[in-house]
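Letter by letter, the chains look like this.
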Amino acid sequence: MKVEQRRQAEHSFTLLIQKIHLAWYKDCRGAPAATKRNQYPKALFLSSDFFSYHAFGVPTHFVNIWQKPDGFHIEKNCRRLMEWSADHTMRLDPFEVTRQKEGVQVRYRYDLHNGAMPGRYIYNREYQKNPLNELAFVLQSGDYGRAVCNGRFQHWEDCCYTMDILNVLLLSSPTASLDCLITREPNKVYQQIALLR
């Protein structure tokens, strides 16, 4: 196999990642806004430049959305090339994707410094409180997983509420379809949903 073909095969589009960050303030709490938020799609079309050639990195689609009283506003819709760290992990707060021989692993990792309230903790055998770090799912070829979590951030004057959605599709063969995340439902779902006050 030629060097160029081998390099393209190593970086083919078989791992697709989409990170959606939905945020709102207190004026969008309550039944009418929450109903609209719950009906909002959990997966979106990939950005138009998502499948442009890349030499290094995993193309990751980032979407930031603000819910305001007059509706949803997309603040950011872009693709970034994410790199694996030396230990084969990629941090997409509050999630972590780890590359394995036969697939990928997705974990939820609560961070004391960047994490939203309420805090997510686990107690060890000595009853010490540690930040929650749990396995969301493991994907094999052909699997589609979705991890969802929510939280509250306290600012000086107001509270900001968030919902983070991570869609990860591990294809058995490369694709160039911008709607590949919305044409099927995930077969693995993880939720870390807390009551936000």
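Refer to the structure printed above.
It should be emphasised that the depicted structure is a prediction, and the values quoted were computed from it without experimental measurement.

(A) Expanded view of a nonpolar patch on the surface. Taken together, the side chains of Phe 45, Leu 178 and Ile 182 define a hydrophobic patch exposed on the protein surface, amounting to about 260 Å² of accessible area. On the secondary structure map, Leu 178 appears in the loop between strand 11 (159-170) and strand 12 (188-192).

(B) Structural detail: the pairing of strand 10 (residues 144-154). Judged by how many residues are buried, strand 10 sits mostly within the fold: eight of 11 residues are covered. Note: strand 10 against strand 12, five bridges, orientation parallel. Pairing of Gly 145 across the sheet is with Lys 188, part of strand 12.

(C) The sheet that holds strand 11, seen in detail. Taking strand neighbours across the sheet as the criterion, the six strands line up as 3-2-1-11-10-12 in an open arrangement whose pairing is mixed. Either end of the sheet is taken by a strand with one partner, and the two such strands are strand 3 (71-82) and strand 12. When the angles between neighbouring strand axes are averaged without regard to direction, this sheet yields 15°. Contacts between helix 2 (residues 31-39) and the sheet are confined to strand 1 (15-25), strand 2 (58-68) and strand 3, with strand 2 contributing the most and set at about 160° to the helix.

(D) Representation of the state of the cysteines. Tallied over the full model, the rule gives zero disulfides. Looking at Cys 160, it has no disulfide partner, and the nearest cysteine sulfur is the one in Cys 159, 8.7 Å off. You can call Cys 160 buried: its relative accessible area is 6%.

(E) Spatial organisation of the pattern of salt bridges. One pass over the full model with this rule turns up four salt bridges. Close ionic contact of Arg 91 with Asp 93 constitutes a salt bridge, the shortest N to O distance being 2.5 Å. Relative accessible area serves as the criterion here: at 31%, Arg 91 is assigned to the partly exposed category. Accessibility expressed as a relative area gives 37% for Asp 93, which makes it partly exposed.

(F) A look at the pairing of strand 4 (residues 89-92). As defined by bridge partners, strand 4 adjoins strand 5 (residues 95-100) across four bridges and the pair is classed as antiparallel. Looking at the pairing, Met 90 lines up with Val 97 of strand 5. In this antiparallel pair of consecutive strands, strand 4 and strand 5, the connection spans two residues.

(G) View of the environment of Trp 66. Tracing the sequence through the fold places Trp 66 in strand 2. Relative accessible area serves as the criterion here: at 23%, Trp 66 is assigned to the partly exposed category. In contact with Trp 66, not counting residues within four places along its chain, are Ala 23, Trp 24, Tyr 25, Gly 71, Phe 72, His 73, Glu 75 and Cys 160.

(H) Examining the nonpolar core more closely. Among the nonpolar cores identified, the biggest contains 24 residues, and Leu 15, Ile 17, Met 90, Leu 92, Val 97, Leu 166 and Val 168 are the most heavily contacted of them. Only strand 1, strand 2, strand 4, strand 5, strand 6 (103-109), strand 9 (133-139), strand 10 and strand 11 provide two or more residues apiece to this core. Look past the residues within four positions of Val 168 in its chain and what remains in contact with it is Leu 15, Leu 16, Ile 17, Val 104, Val 106, Leu 139, Asp 143, Tyr 144 and Gly 145. Tyr 40, Val 63, Ile 65 and Val 148 belong to the second largest nonpolar core, which has 15 residues in total.

(I) Quick look at the sheet that holds strand 6. Strand order in the open sheet made by the four strands is 4-5-6-9, with antiparallel pairing throughout. Either end of the sheet is taken by a strand with one partner, and the two such strands are strand 4 and strand 9. Taking the axes of each pair of neighbouring strands and ignoring which way they run, one obtains an average angle of 20° across the sheet. In the sheet, strand 5 pairs with strand 6 via six bridges, with the strands oriented antiparallel. When the bridges of strand 6 are listed, Arg 99 appears paired with Val 104.

Thresholds applied
Residues numbered from 1 in each chain as written. Predicted model: local features only at pLDDT ≥ 70, side-chain atom pairs only at ≥ 80, totals over all residues. Heavy atoms only, no water. Patch = residues over 30% accessible without salt bridge, like charges linked within 9 Å, V, L, I, M, F, W, Y side chains within 5 Å. Areas by Shrake-Rupley, 256 points an atom, 1.4 Å probe, with all protein chains shown as cover. Salt bridge = Lys/Arg side-chain N within 4 Å of Asp/Glu carboxyl O. Helix = DSSP H or I, 4+ residues; strand = E, 2+ residues; numbered from the N terminus. Buried < 20%, exposed > 50% of the residue type's maximum accessible area, 1.4 Å probe, protein only. Pairing = 2+ DSSP bridges. Axes fitted to C-alpha atoms, helices over the stretch in contact; angles between N-to-C directions. Contact = heavy atoms within 4.5 Å. Disulfide = S-S within 2.5 Å. Core = buried A, V, L, I, M, F, W, Y, C linked by side-chain atoms within 4.5 Å.

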